[in-house]
Amino acid sequence: MAKPAVVLVGADKGGVGKTTVSRALLDYFIAHDISTRAFDTEAPKGTLRRFHPNVSEVVDITTATDQMKIFDTLANTTAQVTVIDVRAGLLSTTLRALRDIGFLEAVKKNQISFTVFHILGPSIASLSEIDDTAPFMDDAHYILVRNFINSTTFFEWDPATYNSYFKKIKDAHDITVPKLNEMACEQVEVASVPYVSFIANKGASGQAASFSFVLRGYVRHWLGNVWAEFDRVKLIDLVAAEQPRKGAARQAETKAAG
Amino acid sequence: MQRRTPIFIVTSSRPRVGKTLIARALVEYFCAQSRPVAGYDVNPDEFTLLEYLPSYTAAASLRDTQGEMTLFDALIMPDEVPKVVDLAHNQLDRFFRVMQEVNFVVEARRRAIMPIVLFLADADDRARRGYAMLGDRFPNCTLVAVLNEAVPQIERYRKFFPPSPRGGAAVSIPALTAVLRSIVDRPRFSFLDYAAKVTDTTAELYTWIRCVFLTFRAIELRAVLDDVHPELRQSA
């Protein structure tokens, strides 16, 4: 089996559609037959858990007991991928905690694959978050997500500013989550089912549902685009394949610089 | 074999080329064969089809998602009722954008529904581009250009509406003389009522109706043959 993979989904700010990305990720891994478990840190209510009750557990990532629950089990869980939906504002804190418990060290030693999806909101302020997270990203796969799902306007970013931030992290990828029709978005929320179930017109326990064909079409189209972005950054390779880590790339780079 | 249900989408890139006339004749074409039919009038300004055929037609709107749902959820219903959509030129982009985004053609095929687009041609370059765009974006949809001879010198522009892979060559609809046009444009005029009453079957309007209905039948046949056996289309 490939080494265990941890996928962190976070943002320093609330309301940027973080859980949307987690849900699309869970659907993606499940569709690719990758065994997956998820931790929802929105304690106590747990938004992610509402959509994916079978694979999600609600935890409080700031406590040592729950950190143990997540990270001490990595070696012996049957799940290949562990997705952690980090509550708004806790991304930097969580990364710091991961360093303190030696998790980042294990990543460096190539024992664990570590991927971070950093969801960015549509304001220029959120770019400064990259400064806070960058120091922890040396050995992680860092994926910046420009999330348009709820937004009606384009990002008010100047591409030059964005690129200067983006370059602060070596080998960072960026993906774009397109806008989803509001009504479709709302109906999936109301139905409380994974996107894939909504598209297949199935309710929470697999029973036939009667969602609108048009809305299902919108969701299918949207999810297809999001998955194409995951494909583009070769997400499956990042989490499920044995492969030389970025160490090699970094060495090459150091050499080039010297 | 399950009988396939046609959905005719009658549209154009320009106004006043005979869209609603064709849509009216289509609805009555189904009535003439005692087949069920449902018409959808997608015009933001005035519902002409609805005025002529109120008992068969519903007004539809693409103004918001709710409207899109109402229309497309009805169109995709596997109820075996043929449907006729009178689609205003200024609603064309929106209609086909939704159609593409929700993957309508694939889902329709799965439900034994055949979407057939009748594109009313005219001399304007927008019509040529609109027709080409539909052919590009919906290669699996039956697309037929309709040359309405009431549009001045339309035959000259036939070359701008080449045969589509599904649907085949453009069809021509004879022009109605001004007098006949004023008759069929009367409120509540019905082609079927007229045909039932007429005694002289060589009368111009009667001939027109027969010609148009035969054209519709040929198009329906093309669509069925395309579905079953694409090579057979040549003979239709």
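This is a predicted model, so every value here is computed, not measured.

**Q** Please clarify how the overall build of chain B should be interpreted in this entry.
**A** When you go through chain B residue by residue, the secondary structure sums to nine helices and seven strands. Against the 2.2 N^0.38 benchmark of 18 Å for 236 residues, chain B shows a C-alpha radius of gyration of 17 Å, consistent with a compact globule. For the C-alpha atoms alone, the extent of chain B along its principal axes is close to 45 × 40 × 35 Å. Counting over 236 residues, chain B shows a buried share of 43%. Look at the contacts in chain B between residues 6 or more apart in sequence, and 73% of them connect residues 24 or more apart.

**Q** Before we go on, may I ask you to explain the overall build of chain A in this structure?
**A** In terms of helices and strands, chain A carries twelve helices and seven strands. Out of the 258 residues belonging to chain A, those deemed buried represent 41%. A sequence separation of at least 24 residues applies to 75% of the contacts in chain A between residues at least 6 apart.

**Q** Any chance you could explain the pairing of strand S5 (residues 113–120) of chain A here in plain terms?
**A** A regular strand places its side chains so that they alternate between the two faces of the sheet. Residue and element names in this part refer to chain A. Along S5, eight of the eight residues are buried, which leaves the element largely enclosed by surrounding structure. Here S5 shows a buried face lined by Ser113, Thr115, Phe117 and Ile119 and a second buried face lined by Phe114, Val116, His118 and Leu120. Both strand S1 (residues 5–10) and S5 contribute to a ladder of six bridges, which runs parallel. Counterpart to Val7 in the pairing with S5 is Thr115. Across six bridges, S5 lies against strand S6 (residues 141–147) in parallel orientation. Within S6, the position partnered with Ile119 by the bridge is Val145.

**Q** Explain the nonpolar core here, please?
**A** For soluble globular proteins, the rule of thumb is that nonpolar side chains tend to be buried together. Core analysis: the largest hydrophobic core is formed by 133 residues, its most contacted members being Val219(A) and Val146(B). Of the residues forming this core, the biggest block, nine residues, is contributed by helix H10 (residues 213–232) of chain A. Those residues in contact with Val219(A) that sit more than four places away from it in its chain are Leu180(A), Ala184(A), Val188(A), Tyr195(A), Phe198(A) and Ile199(A).

**Q** Just checking my understanding: could you explain the environment of Asp171(A) for this structure?
**A** All names here are of chain A. Of note, Asp171 is situated in the loop between helix H7 (159–166) and strand S7 (173–177). Judged by the 12 C-beta atoms lying within 10 Å of it, Asp171 is exposed. Spatially, the C-alpha atoms of Asp171 and Asn181 are 32 Å apart, while their sequence positions differ by ten residues.

**Q** Would you take a moment to explain unusual backbone geometry for this structure?
**A** The general pattern is negative phi for most residues beyond glycine and trans for most peptide bonds. Here Ser192(A), not a glycine, exhibits a phi torsion of approximately 55 degrees, which is positive. Among the secondary structure elements, Ser192(A) is positioned in the loop between helix H8 (182–191) and helix H9 (195–199). Classification of Ser192(A) as partly exposed rests on a count of 15 C-beta atoms within 10 Å. Unlike most non-glycine residues, Asn103(B) shows phi in positive territory, near 60 degrees. Note on placement: Asn103(B) falls in the loop between helix H4 (92–101) and helix H5 (104–110). Residue classification places Asn103(B) among the partly exposed positions, given that 15 C-beta atoms sit within 10 Å.

**Q** It is not clear to me how the interface of chain A and chain B should be interpreted in this structure. Could you clarify?
**A** Accessible area lost during the coming together of the parts is what is often quoted as the interface size. Each side of the interface is counted separately: chain A has ten residues, and chain B has eleven residues. Counting residues per element, the side of chain A that touches chain B draws most heavily on H10(A), which supplies seven residues. Classifying every residue of the side of chain A that touches chain B gives five nonpolar, four polar and one charged.

**Q** Is there a simple way to think about H4(B) in this case?
**A** Helical geometry note: an α-helix holds 3.6 residues per turn, so side chains three or four residues apart project in the same direction. Residue and element names in this part refer to chain B. Within the sequence span of H4, burial applies to Leu92, Phe95, Phe96, Val98 and Met99. The buried side chains of H4 occupy one side of the element, clustering within an arc of 155 degrees when seen end-on. In the segment just after H4, Asn103 is the residue with positive phi, at about 60 degrees.

**Q** Where do I start with the confidence of the model for chain B in this structure?
**A** If pLDDT is low for a region, its predicted coordinates should not be looked at in detail. Confidence in the prediction for chain B averages 91 pLDDT; 96% of positions are at 70 or higher. Quick note on the complex model: pTM equals 0.82, ipTM equals 0.78.

**Q** Can you walk me through the packing of H8(A) against H10(A) in this structure?
**A** For any two helices packed against each other, one specifies the crossing angle of their axes together with the interaxial distance. Residues and elements named next belong to chain A. Between H8 and H10, the shortest axis-to-axis distance is 9 Å and the interhelical angle comes to 95 degrees. Comparing the axis directions of H8 and H10 gives the class roughly perpendicular. Contact with H8, carried on its side by Met183, Ala184, Gln187 and Val188, involves Leu215, Tyr218 and Val219 of H10 and no other residues of that element. Grouping the amino acids of the contact of H8 with H10 by side-chain chemistry returns six nonpolar, one polar and no charged.

**Q** Is there a simple way to explain helix H1 (residues 18–31) of chain A in this structure?
**A** Residues and elements named next belong to chain A. With 14 residues, H1 extends 20 Å between its outermost C-alpha atoms, agreeing within 8% with the 20 Å of an ideal straight helix rising 1.5 Å per residue. Counting buried residues along H1, twelve of its 14 residues qualify, which places the element largely inside the surrounding structure. Every buried residue belonging to H1 is among Lys18, Thr19, Thr20, Val21, Ser22, Arg23, Ala24, Leu25, Leu26, Asp27, Tyr28 and Phe29, and all of these are buried. Trailing H1 by a residue or two, Asp33 shows a phi angle of about 60 degrees, which is positive.

**Q** Please clarify how the sheet that holds strand S5 (residues 113–120) of chain B should be interpreted in this entry.
**A** Within a sheet, neighbouring strands are paired by backbone hydrogen bonds and run either parallel or antiparallel to one another. Residues and elements named next belong to chain B. Here we have seven strands laid out as an open sheet, ordered S3-S2-S4-S1-S5-S6-S7, and parallel in their pairing. Edge positions in the sheet fall to strand S3 (57–59) and strand S7 (171–173), since each has one partner strand and no second. Averaged over all pairs of adjacent strands, the angle between their axes in this sheet comes to 25 degrees, without regard to strand direction. The pairing of strand S2 (residues 38–42) with S3 spans three bridges and is parallel.

**Q** Would you take a moment to explain the environment of Phe119(B) for this structure?
**A** Residue and element names in this part refer to chain B. Its location among the elements puts Phe119 in strand S5. The sequence separation of Phe119 and Arg222 amounts to 103 residues, and the corresponding C-alpha distance is 15 Å. Other than its neighbours up to four places away in sequence, Phe119 contacts Thr11, Ser12, Tyr131, Leu134, Leu143, Ala145 and Val146.

So, how was this worked out
- Residues numbered from 1 in each chain as written.
- Chains lettered and ligands numbered in written order.
- Predicted model: local features only at pLDDT ≥ 70, side-chain atom pairs only at ≥ 80, totals over all residues.
- Helix = DSSP H or I, 4+ residues; strand = E, 2+ residues; numbered from the N terminus.
- Rg over C-alpha atoms; globule rule 2.2 N^0.38 Å.
- Buried ≥ 20, exposed ≤ 12 C-beta atoms within 10 Å, placed from the backbone.
- Contact = placed C-beta atoms within 7 Å.
- Pairing = 2+ DSSP bridges.
- Core = buried A, V, L, I, M, F, W, Y, C linked by C-beta atoms within 7 Å.
- Nonpolar A, V, L, I, M, F, W, Y, C, P; charged D, E, K, R; others polar.
- Arc of directions from axis to C-beta.
- pLDDT = per-residue confidence, 0-100.
- Axes fitted to C-alpha atoms, helices over the stretch in contact; angles between N-to-C directions.
- Parallel < 35°, antiparallel > 145°, perpendicular 65-115°, else oblique.
- Expected span 1.5 Å × (residues − 1).

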